[in-house]
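Descriptive analysis of the structure
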Amino acid sequence: MKHERSCILTYHSMDSSGSVISIRPEVFRDQLEYLAETGTPVVPLHAVRDTPGAVAITFDDGYRNFYEHAVPALRKHGFPATVFVVSEYCGRRNDWPTQPRNTGLPIMDLMDWSQIAELSHNGIDIGCHTATHPHLDQLSAPEIEMELSVSCAAIEDRTGKPVLTFAYPYGEFNPAVREAVRRRFPWACSTRLAYLSTDSDPADLPRIEIYYLQKSFWFKQLLSTSGNAYLAARGMLRGLRQTFK
Ligand SMILES: [Zn+2]
């Protein structure tokens, strides 16, 4: 039995702090080696839903350590990736107003516009993660539009390319947010833990947070094509959804 489900992986920061948004650079490098060794198709986000068995790699927030640690590893294998940037915070730190305090989340440098433009010109997809990383489901319709339009305009201005991908901050949205996003972006990612299917809503693509897969056993199970391993990984996702809901 061979499963043909594709999935989107979510990363945030590449550092050794051990926080819930962090993964060590060497773990990431090992994961990419595994994908390469197993011949797993690593495809751009816009292609993953309709490519059976494929993986897309995404990074939220645009940390500078993406530029320093992830890009060289991606480049080594020729793998595409999407990085979702917070336009008003590029070149600053992830201390936006909604960032929870005293939770041990590291406050770190974010990429500046010259780094983002360079990556865009070298094949990294630059996606939108709003202007200020708000809780979108708590905003009025004009405020939602402002967050999306300001951010899109800034990215397009700096990269010269249209913005085709979006990630909801904190994975939060309601129907009004989702429809505003749908009008503007062909592809939008949530934080719902699941494999993709060919009928996944393009405005609500599930993703798999890599925090749960830092142990290489689970990473391999997730991507395994053998029936038992696939079923085990699917059971793990179901368990995580119940635990972290
Ligand atoms: Zn974020």
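Notes on the structure in this doc start here. Since the model is a prediction, treat every value here as computed from it, not as a measurement.

**Observations concerning the overall build of the protein**
Along its length, the protein carries eight helices and nine strands. In terms of C-alpha radius of gyration, the protein reaches 17 Å, essentially the compact-globule figure of 18 Å for 245 residues. Its C-alpha atoms give the protein principal-axis dimensions of roughly 50 × 40 × 35 Å. When each of the 245 residues of the protein is scored for burial, the buried share is 51%. Here the protein holds 25 positive side-chain charges and 28 negative ones, and the gap between their average locations is 6 Å.

**Some points on the coordination of the zinc ion**
In the first shell of the zinc ion, the protein supplies Asp61 (OD), His129 (NE2) and His133 (NE2), at 2.1 Å from the metal. Of note, the zinc ion draws all its donor residues from one chain, in the sequence arrangement D-x67-H-x3-H. You can see Asp61 sitting in strand E4 (residues 55-61) and its partner His133 sitting in the loop between strand E6 (125-128) and helix H5 (141-159), a full 72 residues away along the chain. Owing to a relative accessible area of 5%, His133 belongs among the buried residues under this scheme.

**Focus: the layout of surface pockets**
Of the volumes computed, that of the largest pocket is approximately 910 Å³. As for the largest pocket, its lining consists of 32 residues, and the residues nearest its centre are Tyr170, Gly171, Thr191, Glu209 and Tyr212. Looking at the lining of the largest pocket, the element that brings in the most residues is strand E8 (residues 187-193), giving four residues. Counted by class, the lining of the largest pocket contains 15 nonpolar, nine polar and eight charged residues. In this structure, the second largest pocket encloses a volume near 270 Å³. Every residue lining the second largest pocket is counted, 18 residues in all, and those nearest its centre are His46, Ile124, Asp125, Ile126 and Leu164. Of all the secondary structure elements, the ones that give two or more residues to the lining of the second largest pocket are helix H2 (45-48), E6 and H5.

**A word on empty space enclosed by the protein**
Enumeration according to the criterion identifies one cavity of 30 Å³ or more in this entry. Taken as a whole, the largest cavity spans an internal volume of roughly 30 Å³. As for the largest cavity, its lining consists of Asp61, Gly62, Val85, Val86, Cys90, Leu110, Met111 and Ile116. Counted by class, the lining of the largest cavity contains six nonpolar, one polar and one charged residues.

**Quick notes on the pattern of salt bridges**
As enumerated under the stated definition, the model contains 11 salt bridges in all. Put simply, Glu145 and Arg183 hold a salt bridge, and the shortest N to O gap is 3.6 Å. Here Arg183 lies in helix H6 (residues 175-184) and Glu145 lies in helix H5, a separation of 38 residues in the sequence. Each of Arg178, Glu179, Arg182 and Asp201 takes part in a single network of salt bridges with overlapping partners.

**Side note on the packing of aromatic side chains**
What describes a pair of aromatic rings is the distance from one ring centre to the other and the angle between the planes of the rings. Inspection of the entire model under this criterion finds nine aromatic pairs. Ring centres of Phe166 and Phe185 lie 5.0 Å apart, and the angle between their planes is 25 degrees; on these two criteria the pair is classed as stacked. With Phe166 in strand E7 (residues 165-167) and Phe185 in the loop between H6 and E8, the pair connects residues that are 19 residues apart, well separated along the chain. For the pair Phe166 and Phe185, a shared accessibility class is recorded, and that class is buried. An aromatic cluster of at least three residues, connected via ring pairs, comprises Tyr11, Phe28, Phe59 and Phe66.

**A closer look at the side chain of Glu147**
Tracing the sequence through the fold places Glu147 in helix H5. One buried charged side chain, Glu147, makes no salt bridge at all; its nearest oppositely charged neighbour is Arg184, positioned 11 Å away. Among the polar contacts listed, one links the side chain of Glu147 to the side chain of Thr132, at a separation of 2.6 Å.

**So, the packing of helix H1 (residues 25-37) against helix H7 (residues 216-223)**
Viewed as axis vectors pointing N to C, H1 and H7 meet at an angle of 30 degrees, and their least axial separation amounts to 11 Å. Put simply, H1 runs roughly parallel to H7. Between H1 and H7 the crossing geometry is right-handed. For the pair H1 and H7, the contacting residues are Gln31, Tyr34 and Leu35 in the first and Phe219, Lys220 and Leu223 in the second. When its residues are assigned to classes, the contact of H1 with H7 shows four nonpolar, one polar and one charged.

What counts as what
Residues numbered from 1 in each chain as written. Predicted model: local features only at pLDDT ≥ 70, side-chain atom pairs only at ≥ 80, totals over all residues. Heavy atoms only, no water. Helix = DSSP H or I, 4+ residues; strand = E, 2+ residues; numbered from the N terminus. Rg over C-alpha atoms; globule rule 2.2 N^0.38 Å. Buried < 20%, exposed > 50% of the residue type's maximum accessible area, 1.4 Å probe, protein only. Lys, Arg positive; Asp, Glu negative; His and termini not counted. Charge placed at Lys NZ, Arg CZ, Asp CG, Glu CD. Donors = N, O, S within 2.8 Å, 3.2 Å for Na, K, Ca; no water. 1 Å grid on protein atoms, 1.4 Å probe; cavity = no way out; pocket = protein on both sides within 12 Å on 5 of 7 lines; lining within 4 Å. Points joined across faces, edges and corners; volume = space filled by probe spheres on them. Nonpolar A, V, L, I, M, F, W, Y, C, P; charged D, E, K, R; others polar. Salt bridge = Lys/Arg side-chain N within 4 Å of Asp/Glu carboxyl O. Phe/Tyr/Trp six-rings, centres within 6.5 Å; stacked < 30°, edge-to-face > 60°. Polar contact = N/O pair within 3.5 Å; in protein donor to acceptor, adjacent residues only side chain to side chain. Axes fitted to C-alpha atoms, helices over the stretch in contact; angles between N-to-C directions. Parallel < 35°, antiparallel > 145°, perpendicular 65-115°, else oblique. Left-handed = near helix turned anticlockwise from the far one by under 90°. Contact = heavy atoms within 4.5 Å.

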